[in-house]
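# Fold and contact review
What follows is each chain in one-letter form.
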Protein chains: 2
Amino acid sequence: MATTTKVLLVGATGETGRSIANGLLEAGGFEVFAFTRPASAKKPQLAELEKKGVVTRQCDLGASEAELAEALKDIDIVVSSVGPSDQLSQINLATAAKAAGVKRFIPCAFITVCAPGGIMWLRDEKEKVFNHVKQLKLPYTIIDVGWWYQIATPRLSSGKIDYAMTVANDELIEEGKTPSAFVDLRDIGKWVARIIVDPRTENKMVFSYNTVMSPAEIFATVEKLSGEKVDRKNVPKEVVMKRVASARASSETYPFDATKFTPRIAAEYQLSWGLRGDNVPEYAKFLGYLDAQELYPDFKPISFEEYTKELLGGTAVGVYTDRISRIY
Amino acid sequence: MATTTKVLLVGATGETGRSIANGLLEAGGFEVFAFTRPASAKKPQLAELEKKGVVTRQCDLGASEAELAEALKDIDIVVSSVGPSDQLSQINLATAAKAAGVKRFIPCAFITVCAPGGIMWLRDEKEKVFNHVKQLKLPYTIIDVGWWYQIATPRLSSGKIDYAMTVANDELIEEGKTPSAFVDLRDIGKWVARIIVDPRTENKMVFSYNTVMSPAEIFATVEKLSGEKVDRKNVPKEVVMKRVASARASSETYPFDATKFTPRIAAEYQLSWGLRGDNVPEYAKFLGYLDAQELYPDFKPISFEEYTKELLGGTAVGVYTDRISRIY
């Protein structure tokens, strides 16, 4: 009799969470549970997941450790993909997971590769959780990812791809020459389905990405496939550094305030992968990551060309459509 | 023509630094330099190292990056074993090492294994330096070690081994049942001589230790070999927790004050390896360390029995004799 692995998702209705839910369901062999706070119980994204077979377990991340441990009963693996403001709520969650006998804990990484210690506030928040998991001696895997195709493409002046655009995205930092790893958001869950049951990835960091390109190459590919000229705005290093300094100055660490932290997160991403070039496989290895492409050479990730063709064909799906009012 | 590797030691006159200097000189193939501040130029430990062939390069750790880079000229590998109060001075040193083209940087770890994030202040200080080195993309190796034999043995009431004792050391935490890795201080340098030129350890953490024993076994071995009954004072968990809480409360992070931080460092060691059992090879592996015993199966470390026989035979050498007034 085949046994299934019981996976509980925390943050299942978010962009990364839905990719993971779909990835696990498609891979098979998993029973997928979603940890939902009462406030999220009526989200349409949740109903959609339930239709696909995801079972919800209502519990608030702010609940007591005993209540959290009860809600984690019989779960083999926890995968967390909570939003920026909820990172530290994973601390009690991890403690409860240890008490509940969870076999592997996947704390919310799922961002670009960056060393901790002051470059990215969001990375450092996550690192606090990672340290706690390590102190608990709770088996873990940290999974970071490429920058999403879905927010990497520039706008076309014809407006043809506005239906799937989140932000205008006409900026290229230092002419867009710094390479970075990119991923199709939909592939994240497929990578995760392999990584979390792989003994080689236990207590390791894994970098999952589809391709390495420079933003200039991303723009050029969109131009080539669309036949349109893309608007570019060059952003020199000094401007990035000014944005970082100003966003840091105006954001106090607590309490979290999205209007202050979103610009900071954006500016620090520009600093880390746009300018420093942190988000590449070589640097990930230097930091100790395993490379998902090397672990799973048979995995066929969606290429950036394929994604762009979908986008131009009108069948791509935009991100954050529930949260961010479109700019067009 | 054989080429030698130029290694610069920072903190060469300390206990760990001298072990490293000796280990490199004995191994051969190294030119050993010692970075000394003008104030240390007349230390007898330095004269001793110079007699053995160590070349001093005078420079203050507080010097400008340009001056530091000049003093680091032509150096292949930097090994730092600076004292607790000097950890953050390695930040400029690492930046200068990157500028000077140093091929591998060994920041000062050389303590017991412990996850970062609030268990040990000393570990967290070191972690700030490690993060900086990682941000610099400067090749590194982090080397942690077992608890020194030289401070692990209990006192004998005959006074026979007082000549080489640093502290009375009659305490056993929770009956001394928690295993820990131990190392002979003299072997640290021998491990280091292998690790720093090994391509397998580049950008990795390595755990170097001679043996794993419980403190109760340490005491029993000393009893067996000496024929004397050893005094034991049991320290229950609650007492350790109280010491930690009180030492933390009375130590402000900056400025560093040895009278406040020494008790904190001592209490947090008791918490980490004495109580939590962090300092063992299994946990080191969980945290990502390579195991020096697995890397170098031909290495013959000094056993604890051998050390104890030396100690009882009157030929052991105590530690910190220049700094700490003996308690007997």
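Refer to the preceding data block for the structure.
The numbering scheme is per chain: residues are counted from 1 as the chain's sequence reads. Working convention: letters from A go to chains and numbers from 1 go to ligands, in the order in which they are written. Confidence filtering applies because this is a predicted model: local features only for residues at pLDDT of at least 70, side-chain atom pairs given and counted only at 80 or more, and all residues used for totals across whole chains, interfaces and linings. To get the side-chain values, all heavy atoms of the structure are used, and hydrogens and water are removed first.

## A short note on the overall build of chain A
- Only DSSP runs of H or I with at least four residues qualify as helices, and only runs of E with at least two residues qualify as strands; both kinds are numbered from the N terminus onward. In terms of helices and strands, chain A carries 12 helices and 13 strands.
- As a reference, a globule follows 2.2 Å times the number of residues to the power 0.38, and the radius of gyration itself is taken over C-alpha atoms. Against the 2.2 N^0.38 benchmark of 20 Å for 328 residues, chain A shows a C-alpha radius of gyration of 19 Å, consistent with a compact globule.
- Burial here depends on accessible area, computed with a 1.4 Å probe over protein chains only, as a share of the maximum for the residue type. Under 20% is buried, over 50% is exposed, and the range in between is partly exposed. Looking at chain A as a whole, 55% of its 328 residues are labelled buried.
- It only takes one pair of heavy atoms within 4.5 Å for two residues to be counted as in contact. Considering only contacts within chain A whose residues lie at least 6 apart along the sequence, 78% involve residues at least 24 apart.
- Residue exposure ignores everything except the shown protein chains as possible cover, and the areas themselves are Shrake-Rupley values with a 1.4 Å probe. Split by element, the accessible area of chain A, about 13,700 Å² in all, is 54% carbon and sulfur.

## Description of helix α8 (residues 237-250) of chain A
All names here are of chain A.
- To estimate how far a helix should extend, the number of its residues minus one is multiplied by 1.5 Å. Over its 14 residues, α8 runs 20 Å from end to end, which matches the ideal 20 Å to within 8%, given 1.5 Å per residue.
- Within the span of α8, buried status applies to Val240, Val244 and Ala247. Down the axis of α8, the buried side of the element spans an arc of 75°, and every buried residue falls inside it. Facing away from the buried surface of α8 by more than 90 degrees, the exposed residues are Glu238, Lys242 and Ala249.
- For α8, the elements touching its buried residues are β8 (171-173), β12 (233-235) and α9 (258-275). Relevant arc is that of directions from the helix axis to the C-beta atoms, nothing else.

## Focus on the sheet that holds strand β9 (residues 180-183) of chain B
All names here are of chain B.
- Following DSSP output, two strands are said to pair if at least two bridges run between them. Strands sit in the order β7-β9-β11 across an open sheet of three strands; the sheet is mixed. With one partner strand each, in any of the chains shown, β7 (147-148) and β11 (211-213) form the two edges of the open sheet.
- Summarising the sheet, β9 and β11 pair through three bridges and their orientation is antiparallel. Within β11, the residue paired with Phe182 across the bridge is Thr211.

## Description of the side chain of A:Gln87
All names here are of chain A.
- With respect to the helices and strands, Gln87 occurs in the loop between β4 (77-80) and α4 (90-100).
- Judged by its relative accessible area of 1%, Gln87 falls in the buried class.
- Any pair of N or O atoms that falls within 3.5 Å is considered a polar contact. Within protein, one atom must be able to donate a hydrogen and the other to accept it, and sequence-neighbouring residues count only if both atoms are side-chain atoms. Within polar-contact distance, the side chain of Gln87 engages the backbone oxygen of Gly83 at 3.2 Å.
- For Gln87, the residues in contact, after removing those within four places along its chain, are Val82, Cys108, Leu122, Glu125, Lys126 and Val129.

## Overview of the pattern of salt bridges
Residues and elements named next belong to chain B.
- In the sections that follow, a salt bridge refers to a side-chain nitrogen of Lys or Arg positioned within 4 Å of a carboxyl oxygen of Asp or Glu. If you walk through the whole model with that rule in mind, you get 44 salt bridges over all chains.
- The closest approach of N and O atoms between Arg37 and Asp86, which form a salt bridge, is 3.0 Å. On the criterion of sequence distance, the pair formed by Arg37 in the loop between β2 (30-36) and α2 (44-52) and Asp86 in the loop between β4 (77-80) and α4 (90-100) is long-range, its members being 49 residues apart.
- By relative accessible area, Arg37 is classed as partly exposed at 33%.
- Across the pair Glu310 and Arg186 runs a salt bridge whose closest N-O atoms are separated by 2.8 Å. In this pair, Glu310 sits in helix α12 (residues 304-313) while Arg186 sits in helix α6 (residues 185-195), placing the two residues 124 residues apart along the sequence.
- With a relative accessible area of 37%, Arg186 lands in the partly exposed category.

## Focus: the packing of α4(B) against helix α5 (residues 121-136) of chain B
All names here are of chain B.
- It is the contact of α4 with α5, at a shortest axis distance of 9 Å, that shows an interaxial angle of 20°. Judged by the angle between their axes, α4 and α5 are roughly parallel. The two elements α4 and α5 meet at a crossing, and its hand is right-handed. Facing α4, whose interface residues are Gln90, Ile91, Ala94, Thr95 and Lys98, α5 presents Lys128, Val129, His132, Val133 and Leu136.
- Throughout this entry, Asp, Glu, Lys and Arg are counted as charged residues, while Ala, Val, Leu, Ile, Met, Phe, Trp, Tyr, Cys and Pro are counted as nonpolar. The remaining residues, Gly among them, count as polar. Counted by class, the contact of α4 with α5 contains five nonpolar, three polar and two charged residues. With axes taken as lines fitted to C-alpha atoms, and helix axes fitted only over the stretch in contact, angles between N-to-C directions fall between 0 and 180 degrees. When an angle is under 35 degrees it counts as roughly parallel; over 145 it counts as roughly antiparallel; between 65 and 115 it counts as roughly perpendicular; any other value is oblique. Here a crossing is taken to be left-handed if its near helix is turned anticlockwise relative to the far helix by less than a right angle, and right-handed if that turn runs clockwise.

## A few points about the pairing of strand β6 (residues 141-145) of chain B
Residues and elements named next belong to chain B.
- Taken across its five residues, β6 has five buried, putting it largely inside the fold.
- Residues Thr141, Ile143 and Val145 of β6 are buried on one face, and the alternating residues Ile142 and Asp144, pointing to the opposite face, are buried as well.
- Pairing of β6 with strand β10 (residues 204-208) involves five bridges; the strand directions are parallel. Across the sheet, residue Ile142 finds its bridge partner in β10, namely Met205.

## What to know about the interface of chain B and chain A
- On the chain A side, the residues contacting the 20 residues of chain B number 20 residues.
- Accessible area that two parts lose when put together, evaluated with a 1.4 Å probe and summed over both, is termed the buried area. Regarding the contact of chain B and chain A, the summed buried area is about 1,600 Å², with carbon and sulfur atoms giving 52% of it.
- Among the residues of chain B in contact with chain A, B:Gln135, B:Lys137 and B:Phe286 are the three that bury the most area, contributing 44% of the side total.
- Seen at the junction of chain B and chain A, the total is two salt bridges.
- Residue B:Lys137 is joined to A:Asp278 by a salt bridge in which the shortest nitrogen-to-oxygen separation is 2.8 Å.
- There are 14 residue pairs in polar contact (both at pLDDT 80 or more) connecting chain B and chain A.
- Elements supplying a minimum of two residues to the side of chain B that touches chain A: α5 and α10 (281-286) of chain B.
- In terms of residue count, α5(B) provides more of the side of chain B that touches chain A than any other element does, four residues in total.
- A per-class count over the side of chain B that touches chain A returns 10 nonpolar, six polar and four charged.

## Section: the sheet that holds strand β3 (residues 55-58) of chain A
Residue and element names in this part refer to chain A.
- Taken in spatial order, the five strands line up as β3-β2-β1-β4-β5 in an open sheet, and their pairing is parallel. Pairing within the sheet leaves two strands with one partner each, and these edge strands are β3 and β5 (104-106). In this sheet, neighbouring strand axes are inclined to one another by 25° on average, regardless of whether the strands run parallel or antiparallel.
- Bridging between strand β2 (residues 30-36) and β3 involves four bridges; their strand directions are parallel. Its bridge partner being in β3, Ala34 is matched across the sheet by Thr56.
- Of the strands in this sheet, β1 (5-10), β2, β4 and β5 are in contact with α4, which crosses β5 at around 170°.

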